[in-house]
Amino acid sequence: MPQAGDSSDDFTAELDAIEDTESKSGNDEQDNKFDARSDLDTLRMVLTMPQPDAPMHEVRRALEMAQQAYTAVRSELRALKKDRAMLQAAVPARSRN
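Residues numbered from 1 in each chain as written. Predicted model: local features only at pLDDT ≥ 70, side-chain atom pairs only at ≥ 80, totals over all residues. Heavy atoms only, no water.

Participant: I'm lost on the overall build of the protein chain in this one. Help?
Facilitator: Helix and strand counts for the protein chain come out as four helices and zero strands. Listing each helix as α and each strand as β along the protein chain from the N terminus yields α-α-α-α. Going through the 97 residues of the protein chain one by one, you find that 8% of them count as buried. Here the protein chain displays about 8,500 Å² of accessible surface, and carbon together with sulfur accounts for 56% of that area. (Helix = DSSP H or I, 4+ residues; strand = E, 2+ residues; numbered from the N terminus. Buried < 20%, exposed > 50% of the residue type's maximum accessible area, 1.4 Å probe, protein only. Areas by Shrake-Rupley, 256 points an atom, 1.4 Å probe, with all protein chains shown as cover.)

Have a look at this one:
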């Protein structure tokens, strides 16, 4: 039976593979590359669970990172929903079908 650590290692390996693929793609858009790397780093930090015997400050830091990531995603979702509603209002009803 796979243990929790095994799936975490597999997931980390998959993230590394994605990062390597992005770095080898030859994309010259530095802003997009930086954003993707930053997003991957944030995802790694959020998904990394502290050890059961970790000090409380590490647990608090992990919780803080998860809360910040959740808040950022939630605000981005709200903005996207607002933009979608504005687009739907701008498109006539007949052309939506």
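Moving on from the model shown.
Participant: Looking at this structure, I do not really get the pattern of salt bridges. What am I missing?
Facilitator: All chains considered together, the criterion is met by two salt bridges. Residue Arg 44 is joined to Asp 41 by a salt bridge in which the shortest nitrogen-to-oxygen separation is 3.6 Å. Of this pair, Arg 44 and Asp 41 both sit in helix α2 (residues 30–47), three residues apart, which is roughly one turn of that helix. Taking relative accessible area as the criterion, Asp 41 reaches 35% and is therefore assigned partly exposed. Arg 61 is the partner of Glu 64 in a salt bridge, and the nearest nitrogen-oxygen pair spans 3.5 Å. Pair noted here: Glu 64 and Arg 61 are both in helix α3 (residues 56–90), with a separation of three residues, about one helical turn. (Salt bridge = Lys/Arg side-chain N within 4 Å of Asp/Glu carboxyl O.)

Participant: Honestly, the confidence of the model for the protein chain in this entry has me stumped. Any pointers?
Facilitator: Low-pLDDT portions of the prediction should not be read for the details of their coordinates. Here the protein chain averages 76 in pLDDT, while 67% of its residues score no lower than 70. Within the protein chain, no element has a lower average pLDDT than helix α1 (residues 4–24), which sits at 63, and none a higher one than α3, at 91. Predicted confidence for residues 1–5 stays below pLDDT 50, and this span has zero contacts to residues more than four positions away or in other chains. (pLDDT = per-residue confidence, 0-100. Contact = heavy atoms within 4.5 Å.)

Participant: Would you explain the environment of Asp 16 in this entry?
Facilitator: If you trace the backbone, Asp 16 turns up in helix α1. For Asp 16, a relative accessible area of 33% corresponds to the partly exposed category. Separated by 28 residues in sequence, Asp 16 and Arg 44 have C-alpha atoms that sit 9.9 Å apart.

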